[in-house]
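# Fold and geometry: a report
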Amino acid sequence: MINRRTLIRGGLVAGLASQRILAGNAPSPPGLRRIATEEGFNIPEVARATARILPELVSREPGEAAVFGVDRPRSGDEAPPPWLHQLSDIGAGRIADMDGAGIAMQVLLLSSPGVQMFEAGEARELSQLANDRLADAIRKYPDRFAGLAAIPPQDPAFAARELERAVSKLGLNGAIINSHTGGHYLDEAPYLPILEAAAALEAPIYIHPRAPSPQMVGPYLDYQMVGAIWGYAVEVSAHALRLIFSGVFDRLPKLRIVIGHMGEGIPFFLDRIDTHYAAGAGRGRGSKPLSRPPSEIFRDHFTITTSGMNWGPALRLSLETLGPERVMFAADYPFENARAAVSRIDALGLEPDTLAKLYHRNAERVFRLTARGAGQAK
Ligand code: MN
């Protein structure tokens, strides 16, 4: 049974009054261009397809069933969340919100879990459609939007071709993959063509959260721990470490990964990871010894974003452990408060050079944004 909240999460309820906050942050100081790098959108076709398969998720994807609320009874008369309408607006309304928060540009990505729960044929069609729509929005507002391609790991050869099309023909800036696909991870052999394509194009892959995989989600279900409260970080950090320990970065030196939410906890753990790798952990399935300690691979191949983590102590630790070149600003619009993200980070008293890297220079480098819209400071 699909309840009202489920429909809402799927983005089906149209025409709702948006609850945008009118009072805004001050515009960026001259020369400081705030680029938010993990900003969600959805298209009606993906929302409808998602709503259609929700009843299957309770057995097939129990974590995602919990995220969408289909695993438990609901009253059916809950107020729609304020972000529903915002998710499907990739035009004037979104730009007004960006202006209110003092954000010059959003790097857009198809909202999690994107196309990854569909059978391959539908995932192929929807990914192309989403990428075409995204490219249309960027063409219309080239100084306000950039974006990452949705690609379906269910068909790795197609996903690699679609990434190529998205970057070379549509002008998109990388790929978004919402962590596991049916319980499988990108270090597994069938997905190598995707990683090879990303490396060849020098296009980063943003590994965005979704609920923990079916193999891992059990203990997260009892207290609704599957989402941003903890499960997302466990899922993505495990995915990132699998990639590191697989040795793929020695094989593909140009492969670059972005992860959000202040690195999903990894910066805090780097020393412990190195210590236990040196003691013999982090090996298996025929993986070759790594050329460097895992922390060095993380620093060289990963960039993290602040999405939803605007906390001074965590940001300072990340800047200290990774360096100021490896942390980018993200607001996680529309699920988190973009105005609060900007005002909290502005209030930390960071050095101007660090702030410039955090807010725009790193994003310009990682997503190659300088060719378009640069210098159009808002
Ligand atoms: Mn997000």
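Now for a look at the structure at hand. Worth saying up front: this structure is predicted, and the values here are computed from it rather than measured. Starting afresh in each chain, residues are numbered from 1 along the sequence in its written order. Residues qualify for local features only when their pLDDT is at least 70, as the model is predicted, and side-chain atom pairs are given and counted only at 80 or more; totals for whole chains, interfaces and linings, by contrast, use all residues. As a rule here, side-chain values cover all heavy atoms of the structure and leave hydrogens and water aside.

### Looking at the sheet that holds strand β1 (residues 35-41)
Inclusion rule: By the convention used here, strands pair only if DSSP detects at least 2 bridges between them. The way it works is that DSSP assigns letters per residue, a run of H or I at least four long becomes a helix, a run of E at least two long becomes a strand, and they are numbered from the N terminus. Angles shown run from 0 to 180 degrees and are taken between the N-to-C directions of axes, each axis being a line fitted to C-alpha atoms and, for helices, limited to the stretch in contact. It only takes one pair of heavy atoms within 4.5 Å for two residues to be counted as in contact.
Sheet architecture is open: three strands sit in the order β1-β2-β3, paired in parallel fashion. Two strands in the sheet have a free side with no partner beyond their single neighbour: β1 and β3 (145-147). Between one strand and the next, the sheet's axes are offset by a mean angle of 35°, whatever the strand orientation. Across three bridges, strand β2 (residues 105-110) lies against β3 in parallel orientation. Among the inter-strand pairings, Q106 is bridged to a residue of β3, identified as F145. Against the sheet, helix α5 (residues 92-101) contacts β1, β2 and β3, and its axis sits at roughly 130° relative to β2.

### Some details on the sheet that holds strand β9 (residues 327-328)
The strand order across the open sheet formed by six strands is β4-β5-β6-β7-β8-β9, and the pairing between neighbours is parallel. Of all strands in the sheet, those bounded by a partner on one side alone are β4 (149-150) and β9. Against the sheet, helix α13 (residues 294-301) touches β7 (257-259) and β8 (302-305), its axis set at about 70° to β8.

### Some points on the packing of aromatic side chains
What counts is decided by this rule: Between 30 and 60 degrees the pair is tilted, below 30 it is stacked and above 60 it is edge-to-face, where a pair is any two Phe, Tyr or Trp rings, Trp via its six-membered ring, whose centres lie within 6.5 Å. Here's how the labels work: a residue is buried when its accessible area is under 20% of the maximum for its type, exposed when over 50%, partly exposed in between, all with a 1.4 Å probe on protein chains only. Remark: a charge is flagged as sitting over a ring if the NZ atom of Lys or the CZ atom of Arg is within 6 Å of the ring centre and within 35 degrees of the ring normal.
Summed over the entire model, instances satisfying the criterion amount to seven aromatic pairs. Relative to F269, the ring of F268 has its centre 6.2 Å away and its plane inclined at 55°; by these criteria the two rings are tilted. F268 gets classed as exposed once you look at its relative accessible area, which sits at 65%. Feature note: the residues F249, F298 and F302 constitute an aromatic cluster, connected by ring pairs. Cation over ring: R34 sits above Y359, and NZ or CZ is 5.1 Å from the ring centre. Of note, R283 hangs over the ring of Y277, and the distance from its end group to the ring centre comes to 3.9 Å.

### Brief notes about α13
Residue pairs spaced three or four apart in an α-helix point in one direction, given the helix's 3.6 residues per turn. For the record, the criterion: Taken from the helix axis, the directions to the C-beta atoms give the arc we talk about.
Of the positions making up α13, those classed as buried are P294, S295, I297, F298 and H301. Projected down its long axis, α13 shows its buried positions confined to an angular sector of 160°, all on one face. Contacts made by the buried residues of α13 are with α10 (231-246), α11 (248-251), β7, α12 (266-278), β8 and α14 (312-322).

### Side note on the pairing of β1
Of all seven residues in β1, seven are buried; the element is thus mostly enclosed. Both β1 and β2 contribute to a ladder of five bridges, which runs parallel. Residue pairing for β2: G40 is matched across the bridge by L109.

### Concerning the packing of helix α6 (residues 120-140) against helix α7 (residues 156-168)
Here is the rule we go by: Here the word oblique covers every angle except those under 35 degrees (roughly parallel), over 145 (roughly antiparallel) and from 65 to 115 (roughly perpendicular). Note on residue classes: Ala, Val, Leu, Ile, Met, Phe, Trp, Tyr, Cys and Pro are nonpolar, Asp, Glu, Lys and Arg are charged, and everything else, Gly too, is polar.
Two numbers describe how α6 lies on α7: the axes approach to 11 Å, and their chain directions differ by 10°. Taken as axis vectors, α6 and α7 run roughly parallel relative to one another. Here R124, S127, Q128, N131 and D132 of α6 lie close against α7, whose contacting residues are F158, E162 and R165. Residues belonging to the contact of α6 with α7 are distributed by class as follows: one nonpolar, three polar and four charged.

### Observations concerning the coordination of the manganese ion
For clarity, the threshold we go by: Coordination partners: N, O, S within 2.8 Å of the metal, 3.2 Å for Na, K and Ca; water not considered, so apparent gaps in a site are possible.
Protein coordination at the manganese ion: the donors are E38 (OE), H208 (NE2) and D332 (OD), at 2.0 to 2.2 Å from the metal. Spacing between the donor residues of the manganese ion along their common chain follows E-x169-H-x123-D. Remark: H208 occurs in the loop between β6 (205-207) and α9 (218-221) and E38 occurs in strand β1; sequence separation between them is 170 residues. The exposure class assigned to E38 is buried, which follows from its relative accessible area of 0%.

### With respect to the pattern of salt bridges
To keep things clear, this is the line we draw: Salt bridges are counted wherever a side-chain nitrogen of Lys or Arg sits within 4 Å of a carboxyl oxygen of Asp or Glu.
Inspection of every chain in the model, using the stated rule, returns 21 salt bridges. In this structure, R292 engages D300 in a salt bridge whose closest nitrogen and oxygen atoms are separated by 2.5 Å. For R292, a relative accessible area of 19% puts it in the buried group.

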